[in-house]
Amino acid sequence: MSVAPPLLAVEGLTKSYGGIHAVRGVSFSLRAGEILALIGPNGAGKSTCFDMLNGQNKPDSGHVRLLGEETTGKKPREIWRMGVGRTFQITATFATMTVRENVQVALISHGKQLYNLFGSAPNFDRNEAGRLLELVGMGGYADRPCGELAYGDLKRLELAVALANEPKLLLMDEPTAGMAPRERVDLMRLTAQIAREKSIGVLFTEHDMDVVFEHADRIIVLNRGTLIAEGSPAEVRGNPQVQAVYLGEGLVYDARHREGTSA
Amino acid sequence: MKLTVQDLNSHYGPAHILFDIGFEVGEGEVVALLGRNGAGKSTTFRSIVGLVAQRSGRIMFEGKDVSAKPTHEIVREGLGYVPEERRIFTDLTVEENLEVGRQPKRPNAPHWTREKLFALFPNLGEMKNRPGGRMSGGEQQMLTIARTLMGNPSLVLLDEPSEGLSPKIVEQMVDAILTMKKEGVSIVVSEQNLHFARLISDRAYIIERGRICFGGTMAELDSRPDIRDAHLSL
Amino acid sequence: MAFYVVQFLTGLASAASLFLVASGLSIIFGVTRIVNFAHGAFYMIGAYIAFTLTERLSGAFGFWGSIVLAALAVALIGVLVEMVLLRRIYHAPELFQLLATFGLTLMVEDLVVLIWGPDDLVGRRAPGFKGAIDFFSQNIPSYDLFLIVLGPVVLGILWLLFQRTRWGVLVRAATQDRDMVAALGVNQKWLFTSVFAVGVFLAALGGALQIPRDAVHHAMDLRIIVEVFVVVVIGGLGSIVGAFVAAVLVSELNAFGILIFPKISIILVFLVMAVVLIVRPWGLFGKPEAAARKTPGLTVNPWRPLTSNERLASLAALVIAATLPLFAGNYALTVGSEIAIFVIFAVSLHFLMSVGGLASFGHAAYFGLGAYGIAFLAKMAGLPMIVCLLLGPLLGCMGAAVFGFFAVQLSGVYFAMLTLAFAQIVWSIAFQWVSVTGGDNGILGVWPEKWAASPSHFYWLALGVAALVTIALRIAVFSPFGYALRATRDSVLRSEAIGIDAKRIQWTAFVIAGTTAGIGGALFAYLKGSVFPDNLGISLSVDALVMVLLGGVETVSGAVIGAIVYKALNIWLVSQTDLSKLVLGGFIVLIVVVFPKGIVGMLEMLAQRRRKSSPPGSPLLAKPIESAE
């Protein structure tokens, strides 16, 4: 279909723990600027799969390639240097530092100044840090201690930090978990807008089907470690197997769409 | 009234989190506490069961003032608490997790046995000796509820039971909560998912920035889209 | 052959006491998350009380009754300590708890001498186990055989207790999530108290059972506690089976180490521990800790560089300090030099501990290495003082590079214990390698050259170096490296996800801190004119921790104030009382309980309150910051 080479190519990814296959033969690809959702029941292997992409976990077999370059088995920090930013399910930020300092640390790392003992960190790339914070709508919070931020703001800060090294790919693990519906929509719109503008590929896992169906270009469904479906939101939604193992009767997510109160 | 909360104020260190929170729960009612993340839902629950050190206000449970009591005494009065994030003892088996929650029978509350709970959550019955750490998120959520029910509570505070669960498991959770209600347990459930809350609740309160800003039946909430949209920001 | 079998059995017998004490420490740690430094003190009190009772009560019944009675009495003391002290600090950071229990240990050491006197006491033999059994013409004391059987029996009883009783299930649950246990209706306080009582009972029993084998003396606490740390670290904190296996391993290493490597018998055990920790960082039977629920505990106010007014004020303070020789006498100047040196030592630890989040319990090792470096260069190589001062600290740097590499593989209490163990290795080498280090007699006659010899000149030298070091480290805090270091402290996960090699950053910080400590040690050698193994001992390491804590761990400059106040107080106290350990220990406990934020932290809090005109109901004492929503 597409002539562009895949940004991310995953082939035959497999991982087992104590004889039990957590992930078995998972293959998929992702284009630049595309937003791909990975969904599936609790315990289907989403986290394992995700961790093998970001380097937290090593696959038993299979390959992950970023623009043709192998990332399989590399450490998280090496994968980041290849242009992969990420956000965590439970936010991971530097709680005792200010919002701006959080971004500056990422910029320092990107500029390879980590072992600079005598420079002035408070003035390091201050403008660039401010620009990134503006981009995610956090410009007014730059001097706030990170530990005081509301949860939704932490998620936006994580996004700014993830963008600091001009990534080609964003990995987001349950980006809207723990957020109110409006915040979810805002964050995902922002992400989509940035992804489209900068042609960044986004892979995210999510349980909120309202978010998934509204923002994903494509969805892949994992069950018991294997991919059982792939396609557009409409296709996946209508897939009887996906309904049986995951979506259920649609009581707890669909109502909003039916009532037409969707944002 | 089963539970009456009046003028509840809570602090974390220098930060004032809850401001004059007040609400009521009737006998056998399911009440939803709605609000966005950080609005103060979990802090409200933690304050009621005494897990927040700095709190003031009056908490009446079954006509007794429990606001000055330590956590374990409040819980032993029959006020059960199911925390967010489930907090299963991952090294302990399902049976042992239930054992930790076990409390004596109470005259005015339904009595739960292991057998009854395994009937309510059939998955658990099939993995009695499995360590909590080797269960899926959905199974852990069932176990954390079952563990609290082992204390034979007459009222349960359920903190975000649908968070992080697949839609299908959330539907099972709806059934389980309705069964608990039928057995005679009063329930306060904190939620962000309004669809879920609507399926189980009689009444709802909305909490925003540590203050209660709406209280009424689900029908009343639906007739006030202005309030709903302003505070739940759908 | 028979000789080796007997040696093996002796090792097994020694393992029994060690296992009792170690399992007690492990049980207490599992539930309360407190690494009870005072565990050695309870072991020692158990031995002393058992000694007194067995002297009073006669017969077999009297003897065995005394042993059990002593353990029960100490358990009761433990309950009191738990209720009065530990309950107040359960939510404090680990470091505070370690320090508080260390303070207790200091107090007990003086109290024991007050009550039982300073001499070794030799106890009665155990009735029924007085003789020895002949084994191929080698003697095995029958009491040893009794102990060999006792170990596995106690292990079995503990296993049943934890697996088969409701109390055991509750304890195991509390080990994972104590608040959740309370939220299920369990009285957490009494559960903790009962666990502490059981743990202390085991320690005291271990001590009481030693009296037929060993003399009772007032230094037995430190000796056992270091061994017990090694045992629980090898076996895995929290694992009772691990404690048993490791106790046997350590005892056998001791038993055979003396035969094979008499010079480095102590080191052998530490080397095995280092290897275990690197291969299995959580010990042979331990489990990797799930990322602990983050208690913020550390600073909430972001740090900022000094304003220009504050810079002027600091400069003024320095200038005033520099005028001291104009009006003070020689004694005051020597005290001033010593304080300046300890400022260097304290800021170096502060850099590692507050900025890097790595609380080292063996920082004196690098201070002492710097001092020995000077002694070797000046005495043996006869180099000029300036060259010595430049090269001496390099020994601290090298030590920090080697040990730091291993230490940063771990974090939290494991890091603390490993650094303590490394410091003990260095201490052992200094103590045992007499031909090079002079052993206990140290190296004497390390005097500064003429230009720095007078008290005022040396004072200016020390003050100048202290000022330079403090400024340099402050610049480093606000450098890109300082930000990266703080980042690894706050979240290793996030650091790695933005390309930071966290361990390498921390290792670099360890080397910087070690080298800086070495500079302090180098000056110290010249100040005292001599070097002793004490210059790298545990108590000096703890001094450094107290200085940082007293100033305020959460502040950027607290260490300077902490060092000045603590050292001045210390020197004054030692000149005033014979019971300096008792007073010092009490002082440490007091700081931890009453001033957890330290002097500078308190001042900052007061200043902030005045600015904000005090939020209602905010307590004077820092309440535990629980994980906020």
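Structure first, text after, so check above.
This is a predicted model, so every value here is computed, not measured.

What counts and what doesn't
- The residue count restarts for each chain, going from 1 along the sequence in the order it is written.
- Chain labels run from A onward and ligand labels from 1 onward, assigned in the order the entries are written.
- The predicted nature of this model means local features are confined to residues of pLDDT at least 70 and side-chain atom pairs, given and counted, to a pLDDT of 80 or more, with totals for whole chains, interfaces and linings taken over all residues.
- Processing note: side-chain calculations cover all non-hydrogen atoms of the structure and skip hydrogens and water entirely.
- Throughout, a residue-residue contact means that at least one pair of heavy atoms, one from each residue, lies within 4.5 Å.
- Joining two parts hides part of their accessible area as seen by a 1.4 Å probe, and the buried area is that hidden amount summed over both.
- Each reported salt bridge corresponds to a side-chain nitrogen of Lys or Arg within 4 Å of a carboxyl oxygen of Asp or Glu.
- Put simply, DSSP H or I for four residues or longer makes a helix, DSSP E for two residues or longer makes a strand, and each gets a number counted from the N terminus.
- Note on residue classes: Ala, Val, Leu, Ile, Met, Phe, Trp, Tyr, Cys and Pro are nonpolar, Asp, Glu, Lys and Arg are charged, and everything else, Gly too, is polar.
- Pairing between strands is defined by DSSP: at least two bridges between them are needed.
- Exposure categories follow from relative accessible area, calculated using a 1.4 Å probe and restricted to protein chains: below 20% of the type maximum is buried, above 50% is exposed, and the middle band is partly exposed.
- Each patch is built from salt-bridge-free residues with over 30% relative accessible area, joining like charges within 9 Å and nonpolar side chains (Val, Leu, Ile, Met, Phe, Trp, Tyr) within 5 Å.
- Working definition of accessibility: Shrake-Rupley area with a 1.4 Å probe, residue cover restricted to the visible protein chains.
- Whether a crossover is right-handed depends on one test, that the path from the first strand over the helix to the second runs clockwise when the strands point away from the viewer.
- Two N or O atoms form a polar contact when they lie within 3.5 Å of each other; inside protein one atom must be a possible hydrogen donor and the other a possible acceptor, and for residues adjacent in sequence the pair counts only when both atoms belong to side chains.
- Charged residues are defined narrowly, with Lys and Arg counted positive, Asp and Glu counted negative, and His plus the chain ends left uncounted.
- Here is the rule: rings of Phe, Tyr and Trp (six-membered ring for Trp) pair when centre to centre is within 6.5 Å. Planes less than 30 degrees apart are stacked, more than 60 are edge-to-face, and the remainder are tilted.
- Whether a charge sits over a ring depends on NZ of Lys or CZ of Arg being within 6 Å of the ring centre and within 35 degrees of the ring normal.

Let's talk about the interface of chain C and chain A
Argument step 1. If you look at the interface, chain C gives 31 residues, while chain A gives 35 residues.
Argument step 2. Across the interface of chain C and chain A, roughly 3000 Å² is buried in total on both sides, 66% from carbon and sulfur atoms.
Argument step 3. Contact with chain A buries surface across chain C, with Pro480, Tyr483 and Arg494 of chain C losing the most and accounting together for 26% of the total.
Argument step 4. Residues Arg486 of chain C and Glu101 of chain A are paired through a salt bridge, measuring 3.8 Å at the closest nitrogen-oxygen approach.
Argument step 5. Of all the secondary structure elements, the ones that give two or more residues to the side of chain C that touches chain A are α21 (455–477), α22 (480–490), α23 (492–497) and α24 (502–528) of chain C.
Argument step 6. Considered class by class, the residues forming the side of chain C that touches chain A number 18 nonpolar, 6 polar and 7 charged.

Description of the sheet that holds strand β2 (residues 15–25) of chain B
Residue and element names in this part refer to chain B.
Argument step 1. Across the sheet, which stays open at both edges, the 4 strands sit in the order β2-β1-β4-β5 with antiparallel pairing between neighbours. Two strands in the sheet have a free side with no partner beyond their single neighbour: β2 and β5 (64–65).
Argument step 2. Sheet analysis places strand β4 (residues 54–61) next to β5, joined by 2 bridges and oriented antiparallel. Of the residues in β5, the one forming a bridge with Phe61 is Lys64.

Quick notes on unusual backbone geometry
All names here are of chain A.
Argument step 1. The phi dihedral of Asp125 falls on the positive side, at around 45 degrees, and the residue is not glycine.
Argument step 2. As for its placement among the helices and strands, Asp125 is situated in the loop between α3 (99–110) and α4 (126–135).
Argument step 3. Even without glycine at this site, Glu166 takes up a positive phi of about 45 degrees.
Argument step 4. Among the secondary structure elements, Glu166 is positioned in the loop between α5 (151–162) and β7 (169–173).
Argument step 5. We classify Glu166 as exposed; its relative accessible area is 62%.

A word on a nonpolar patch on the surface
All names here are of chain C.
Argument step 1. On the surface, Leu383, Ile386, Val387, Leu390, Leu391, Leu394 and Trp451 cluster together to form a nonpolar patch covering roughly 610 Å² of accessible area.
Argument step 2. At 4 residues, the largest contribution of residues to the nonpolar patch is made by helix α16 (residues 385–391).
Argument step 3. Take Leu394: it is sitting in helix α17 (residues 393–407).
Argument step 4. The partly exposed category is assigned to Leu394, whose relative accessible area is 39%.

What to know about the pairing of β7 of chain A
Residue and element names in this part refer to chain A.
Argument step 1. Counting buried positions over the 5 residues of β7 gives 5, a clear majority of the element.
Argument step 2. By the alternation rule, side chains of β7 split into Leu169, Leu171 and Asp173 and Leu170 and Met172, which are all buried.
Argument step 3. Both strand β6 (residues 84–87) and β7 contribute to a ladder of 4 bridges, which runs parallel. Among the inter-strand pairings, Gly85 is bridged to a residue of β7, identified as Leu170.
Argument step 4. Examined bridge by bridge, β7 and strand β8 (residues 201–205) share 5 bridges and lie parallel to one another. Counterpart to Leu171 in the pairing with β8 is Leu203.
Argument step 5. Crossover connection from β7 via helix α6 (residues 181–198) to parallel β8: handedness right-handed.

Remarks on the interface of chain B and chain C
Argument step 1. Counting residues at the interface gives 33 residues for chain B and 27 residues for chain C.
Argument step 2. Of the roughly 2800 Å² buried between chain B and chain C on both sides combined, carbon and sulfur atoms contribute 52%.
Argument step 3. Contact with chain C buries area across many residues of chain B, yet Arg87, Phe89 and Val100 of chain B alone supply 20% of it, more than any other trio.
Argument step 4. Here chain B is connected to chain C by 3 salt bridges.
Argument step 5. Between Asp177 of chain C and Arg87 of chain B there is a salt bridge, and its shortest N-O distance comes to 2.8 Å.
Argument step 6. Our count for the chain B to chain C interface comes out at 10 residue pairs in polar contact (both at pLDDT 80 or more).
Argument step 7. Contributions of two or more residues to the side of chain B that touches chain C are made by β1 (3–12), α1 (41–48), α2 (71–76), α3 (94–101) and α6 (137–149) of chain B.
Argument step 8. Classifying every residue of the side of chain B that touches chain C gives 11 nonpolar, 12 polar and 10 charged.

Thoughts on the side chain of Lys46 of chain A
Residues and elements named next belong to chain A.
Argument step 1. Residue placement: Lys46 occurs in helix α1 (residues 46–54).
Argument step 2. Notably, Lys46 is buried but unbridged: the nearest opposite-charge side chain belongs to Glu174, and the N-O separation is 5.4 Å.
Argument step 3. In this structure the side chain of Lys46 is engaged in a polar contact, spanning 2.8 Å, whose partner is the backbone oxygen of Gly40.
Argument step 4. Not counting residues within four places of it along the chain, the set of residues in contact with Lys46 comprises Leu38, Ile39, Gly40, Pro41, His207 and Leu222.

A look at the packing of aromatic side chains
Argument step 1. Counted under the stated rule, the structure contains 29 aromatic pairs over all chains.
Argument step 2. Ring centres of Phe162 of chain C and Trp167 of chain C lie 5.8 Å apart, and the angle between their planes is 40 degrees; this geometry places the pair in the tilted category.
Argument step 3. Trp167 of chain C sits in the partly exposed class, given a relative accessible area of 22%.
Argument step 4. Put simply, the rings of Phe63, Trp64, Phe129, Tyr143 and Phe146 of chain C touch in pairs and so form one group of aromatic residues.
Argument step 5. Above the plane of the ring of Phe89 of chain B lies Arg147 of chain B, whose end atom (NZ or CZ) is 4.8 Å from the centre.
Argument step 6. One Lys or Arg, Arg87 of chain C, reaches over the ring of Trp190 of chain C and ends 5.3 Å from the middle of that ring.

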